[in-house]
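# Inside the fold
The lines below spell out each chain.
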Amino acid sequence: MPNQTISSWLQELTLAHRREKTFRKEASRIVSLYEGQKREDSPFNILFSNTQTLAPALYNSPPRPVVRPRLKKPDAAASAGARLVTSVLEFLVDDGLGGSPAFDDLMASAVLEALVPGRGITRFKYEAKITSDAQELPEEDGAEPPVSESLEAEEICGEEVPWDRFLHGYAKKWDSVPWVAFLHYMDTEELEEHFPGKTIPLSPTEQEPDRSNEGQSEERADVETAPVYEIWDKGTKTVLFVSPNFPEGFLRPPIDDPFGLTGFFPCPAPLSFFQKISTLTPVPLYHFYETQAKELNEVTTRINRLVRAMKIRGFYDSTVAGMERLMESGDNTLLPAENVAAMIAQGQTLEKSIWFFPIEKLVAVLQQLYLQRNQIKQVIYEITGIADIIRGQSQASETATAQQIKGQYAGLRLNSMKNGVNQFATELLRLKAQIICAKYDPQTILKISAADQLSDQD
């Protein structure tokens, strides 16, 4: 979008919020349900249970980076370069450096947010620490000493982008997205650090755009901040910073293409387990079995009420002395009976002197409710694919062939979701590799890539 003004960008952001208004409200409610903020409305939190079952099935360990030349018979330089980048990626995937999240944490967070609200986003930043040293000159020269700069440290930082702090321009396919924006809430110190000299009014952050109070984060509820949008515009290959609290202009001059990435954006397409045809607006997975989940909660509520109602209650003959003491006594207790001879003469027995409240019908209803609840759970498992995981479980007594068949069958339904996670991890590694080649100092690459194992020619 060349020559976009600040007002046009603010209008674009408003339209993007409006396109996702329904999704954000629904996703916020689902997040609060997953986190157990409404336990009275969800006595059987099937969303939490399903998420904890699907998450490890879709992602359970960091990927192993493999970089290969495109040609089947590459030259020595291409092969050596591929090995260098592979080594650097393996080093960066193993651990989070400089306090940034590890790659494993980034993947786990993206999968969790894709399963619950419906969208998982991860982005990368490049940070370098440069030191400046002034050289000493004789006093009679009268010239200012030259300043030499040296690279002290550099790293690629991964960042977990919350599902509700991300916006993008209108498109039906990710390749056609014209811009993406990351929302930051900055206090006075952060604004002064990033945008010195700009006076940006603050406002309460207790209510985020297009979201209800349901599931609202309390992290900065009592802090006044300013919303700042970091916009990556693919059309002009620039990064812009705007704030609705500062409509006078951009917060800083546009930054030209920082990384030179193939797709320009510092993030891959958001991870989502339901791809719509008409729009990129995600849909939470819970949306497809919410009706069954509500029925499950209703059945569970009835079960709880029946269990509370099933108590030993009844009446007894008041002429039989000591009946109250008998009901209140402990186990293996014998009490002396009175007027036994008179009771026997009248044909009265202990069984005929007590009338318990009939609970047989309640037991029958309770059994049917337990059966109904299991049937509802099975329907939900079929919708989410958890039923395939259950069918794939084997016993030690089964043959190896039977276990292999079950394992293959169990993976059929989950393959699509797993492939989405694998593709997301591959795109993250591809972005990281491009930033390494574009920004890292060659000496840094040599230090962390075990280059001493290469030949002199490589």
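For the structure itself, look to the data block above.
Note that residues are indexed from 1 along each chain, following the sequence as it is written. Where totals are concerned, whole chains, interfaces and linings use all residues; where local detail is concerned, this predicted model gives features only for residues with pLDDT of at least 70, and gives and counts side-chain atom pairs only at 80 or more. Note that water and hydrogens are dropped before the side-chain values are worked out from all heavy atoms of the structure.

### Details of a nonpolar patch on the surface
Here is the rule: Within this analysis, patches are made of residues with over 30% relative accessible area and no salt bridge. Like charges are joined at 9 Å or less; nonpolar side chains (Val, Leu, Ile, Met, Phe, Trp, Tyr) at 5 Å or less. Using a 1.4 Å probe, accessible areas were evaluated by the Shrake-Rupley method; residue-level cover was limited to the displayed protein chains. Each reported salt bridge corresponds to a side-chain nitrogen of Lys or Arg within 4 Å of a carboxyl oxygen of Asp or Glu. We call a residue buried when its accessible area falls under 20% of the maximum for its residue type, exposed when it is over 50%, and partly exposed in between, using a 1.4 Å probe and counting protein chains only.
A surface patch of nonpolar side chains, about 300 Å² in accessible area, is lined by F274, F288, V379 and I383. Here F274 falls in the partly exposed class, since its relative accessible area comes to 32%.

### Quick notes on empty space enclosed by the protein
Let me state the cut-off plainly: Residues are called lining when one of their atoms sits within 4 Å of a cavity or pocket point, these points coming from a 1 Å grid over the protein atoms alone, where a cavity is a set in which a 1.4 Å probe fits but cannot get out and a pocket is an open set with protein on both sides within 12 Å along at least five of seven lines. Grid points are joined across faces, edges and corners, and a volume is the space filled by probe spheres set on the points. When residues are grouped by polarity, Ala, Val, Leu, Ile, Met, Phe, Trp, Tyr, Cys and Pro land in nonpolar, Asp, Glu, Lys and Arg in charged, and all others, Gly among them, in polar.
Enumeration over the complete set of coordinates arrives at three cavities of 30 Å³ or more. Here the second largest cavity is characterised by a volume of approximately 60 Å³. Partitioned by chemical class, the residues of the lining of the second largest cavity number four nonpolar, four polar and two charged.

### Things to note about the pairing of strand β6 (residues 224–233)
Consecutive side chains along a regular strand alternate between the two faces of the sheet. Heads up, the condition is: Only DSSP runs of H or I reaching four residues or more are called helices, and only runs of E reaching two or more are called strands; each is numbered from the N terminus. The rule for pairing is simple: two strands pair if DSSP sees at least two bridges between them.
Burial of β6 is extensive: nine of the ten residues sit out of reach of the surface. With eight bridges joining them, strand β4 (residues 179–186) and β6 adopt antiparallel strand pairing. The residue of β6 that forms the bridge with A181 is I231. As defined by bridge partners, strand β5 (residues 203–204) adjoins β6 across two bridges and the pair is classed as antiparallel. In the sheet register, S203 faces β6, and the bridge partner there is T225. Looking at chain direction, β6 and strand β7 (residues 238–242) are connected through five bridges and run antiparallel. Across the sheet, the residue bridging to I231 is L240, located in β7.

### Quick look at the packing of helix α2 (residues 21–34) against helix α3 (residues 46–58)
In a pair of packed helices, the angle between the axes and the distance between the axes together describe the arrangement. The following threshold applies: Each axis is a line fitted through C-alpha atoms, taken for helices only over the stretch in contact, and angles between the N-to-C directions span 0 to 180 degrees. Just so you know how the angles are binned, under 35 degrees is roughly parallel, over 145 roughly antiparallel, 65 to 115 roughly perpendicular, and the rest oblique. Contacts: residue pairs with any heavy atoms within 4.5 Å of one another.
Taken N-terminus to C-terminus, the directions of α2 and α3 make an angle of 85 degrees; their axes are 8 Å apart at the nearest point. In terms of axis orientation, α2 runs roughly perpendicular to α3. The residues of α3 that touch α2, namely those facing I30, L33 and Y34, are L47, F48, T51 and Q52.

### Overview of α2
For the record, the criterion: How far a helix is expected to stretch is found by multiplying one less than its residue total by 1.5 Å.
An ideal rise of 1.5 Å per residue puts 20 Å on 14 residues; α2 measures up with 20 Å between its terminal C-alpha atoms. Within α2 the residues assigned to the buried category are F23, R24, A27, S28, I30, V31, S32, L33 and Y34. Of the surrounding secondary structure, the elements contacted by the buried residues of α2 are α1 (6–19), α3, α5 (103–115) and β3 (166–168). One or two steps after α2, the chain reaches G36, where phi turns positive at roughly 75 degrees.

### Things to note about the pattern of salt bridges
Pairing between side chains of opposite charge can happen when their charged atoms approach one another. What the rule picks out here adds up to nine salt bridges. R29 is paired through a salt bridge with E26; the nearest N and O atoms lie 2.3 Å apart. Here R29 and its partner E26 are both found in helix α2, three residues apart, which amounts to about one turn of the helix. Taking the relative accessible area as the measure of exposure, E26 reaches 26% and is therefore partly exposed. Between R430 and E427 there is a salt bridge, with its nearest N and O atoms 2.5 Å apart.

### Regarding the environment of D441
Relative to the helices and strands, D441 is located in the loop between α13 (400–439) and α14 (442–448). The exposure class of D441 is partly exposed, given its relative accessible area of 31%. Sequence separation of D441 and E154 is 287 residues, and the distance between their C-alpha atoms is 8.5 Å. Not counting residues within four places of it along the chain, the set of residues in contact with D441 comprises L151 and E154.

### Some details on the side chain of R24
Definition in use: The term polar contact refers here to a pair of N or O atoms within 3.5 Å; inside protein, the definition further demands a hydrogen-donor-capable atom paired with an acceptor-capable atom, and it admits residues adjacent in sequence only when both atoms are side-chain atoms.
Within the secondary structure, R24 sits in helix α2. Assessed through its relative accessible area of 1%, R24 is described here as buried. A distance of 2.9 Å separates the side chain of R24 from the backbone oxygen of F166, its partner in a polar contact.

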